[in-house]
Amino acid sequence: MAAIEWDSLLSINSVVIKKAGRPFAFAFGLIIAAATLGQAQPLRAIDVAAEERSAEALIVERINTERARLAPDARALTADAALVHVARRRSRAMAEGAPFAHEDENGRFAAADLVHKDFGPYGAVGENIMMERDSSRAFQAEAFARRAVAGWMSSDGHRANILSRDFDRSGIGVAIRGSYVYATQVFWGPPPKPAGRARRAP
């Protein structure tokens, strides 16, 4: 039987509020319990890199469909190469032994630190992660993408990230290691524009 775990970090508005010249970040997390899936299928040899890329593309397609359907007034999520790089790096790190969590060993929001290197210190950053373990079945990109997006959309935290108007760019990264598969979606959105000063009455 397969086990799936999901985790999301909601709308991390990084450094959009300042106090005494120092930035603050706000984080909200949600962990969803494991679920079991259906019957085993025969194992088959796969091209791991090709399957990872295929799964990423299928997840992007499904995410965009859900966003267009449920948040039609939000801007489409543009695929961004820098965010794809961060998402793949995050999935690979977890596949290679890093904790299945948003925080690194120092308790910092790992994806945000990586994103800010490319996008600067301002803006909204979010992350959805998923881990699936199933030693009884060979990986199938389409089925995995369907489960990943269905799982994210069925939880309030992940769904909020996917539909948030604060985000306009995204990257997906999938990593397969043995019977474990990890998926990460990293989001970014521009900082809010400062409100204009009200004119004084003549």
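Residues numbered from 1 in each chain as written. Predicted model: local features only at pLDDT ≥ 70, side-chain atom pairs only at ≥ 80, totals over all residues. Heavy atoms only, no water.

A. Quick peek at the overall build of the protein chain. Along its length, the protein chain carries 5 helices and 8 strands. The secondary structure elements of the protein chain, listed N-terminal to C-terminal, are β-β-β-β-α-β-α-α-β-α-α-β-β. Every one of the 202 residues in the protein chain was classed for burial, and the buried ones make up 44%. Look at the contacts in the protein chain between residues 6 or more apart in sequence, and 77% of them connect residues 24 or more apart. A total accessible area of about 11,100 Å² is found for the protein chain, and carbon and sulfur atoms account for 54% of it. (Helix = DSSP H or I, 4+ residues; strand = E, 2+ residues; numbered from the N terminus. Buried < 20%, exposed > 50% of the residue type's maximum accessible area, 1.4 Å probe, protein only. Contact = heavy atoms within 4.5 Å. Areas by Shrake-Rupley, 256 points an atom, 1.4 Å probe, with all protein chains shown as cover.)

B. Local environment of the pairing of strand β6 (residues 123-133). Across the 11 residues that make up β6, a large majority, 10, are buried. Bridging between β6 and strand β8 (residues 180-189) involves 10 bridges; their strand directions are antiparallel. Each bridged residue has a counterpart across the sheet, and for Arg133 the counterpart in β8 is Tyr180. (Pairing = 2+ DSSP bridges.)

C. Quick look at the nonpolar core. With 25 residues, the main nonpolar core has Ile59, Phe144 and Val174 as its most contacted residues. Counting 11 residues, the second largest nonpolar core, distinct from the first, contains Val86, Ala87, Val186 and Trp188. (Core = buried A, V, L, I, M, F, W, Y, C linked by side-chain atoms within 4.5 Å.)

D. Examining the confidence of the model for the protein chain more closely. Mean pLDDT over the protein chain stands at 78; residues scoring 70 or higher make up 72%. Confidence over residues 8-43 falls short of pLDDT 50; this stretch has 104 contacts with residues more than four positions distant or in other chains. (pLDDT = per-residue confidence, 0-100.)

E. Just the pattern of salt bridges, in detail. Counted under the stated rule, the structure contains 13 salt bridges. One network of salt bridges, in which partners are shared, links Glu52, Arg53, Glu56, Arg88, Glu96 and Arg177. (Salt bridge = Lys/Arg side-chain N within 4 Å of Asp/Glu carboxyl O.)

F. The arrangement of the packing of helix α2 (residues 81-95) against helix α3 (residues 110-119) in detail. One way to put it is that α2 packs onto α3 with a least axis distance of 10 Å and a crossing angle of 155 degrees. When the interaxial angle is binned, α2 and α3 end up roughly antiparallel. Here α2 and α3 pass one another in a crossing that is right-handed. Within the contact between the two elements, α2 uses Ala82, Leu83, Val86, Arg89 and Arg90 and α3 uses Ala110, Ala111, Leu114, Val115, Asp118 and Phe119. Its residues assigned to classes, the contact of α2 with α3 comprises 8 nonpolar, no polar and 3 charged. (Axes fitted to C-alpha atoms, helices over the stretch in contact; angles between N-to-C directions. Parallel < 35°, antiparallel > 145°, perpendicular 65-115°, else oblique. Left-handed = near helix turned anticlockwise from the far one by under 90°. Nonpolar A, V, L, I, M, F, W, Y, C, P; charged D, E, K, R; others polar.)

G. Main features of α2. Over its 15 residues, α2 extends 21 Å from the first C-alpha to the last, a length consistent with the 21 Å expected when each residue adds 1.5 Å. Taken together, the buried positions of α2 are Leu83, Val84, Val86, Ala87, Arg90, Ser91, Met94 and Ala95. After α2 finishes, the residue Gly97 shows a positive phi value of roughly 120 degrees. (Expected span 1.5 Å × (residues − 1).)

H. Spatial organisation of the packing of aromatic side chains. Enumeration according to the criterion identifies 5 aromatic pairs in this entry. For the ring pair Phe139 and Phe144, a centre distance of 5.4 Å and an interplane angle of 50 degrees mean the geometry is tilted. A network of ring pairs unites the aromatic residues Phe100, Tyr180 and Tyr182 as a single cluster. (Phe/Tyr/Trp six-rings, centres within 6.5 Å; stacked < 30°, edge-to-face > 60°.)

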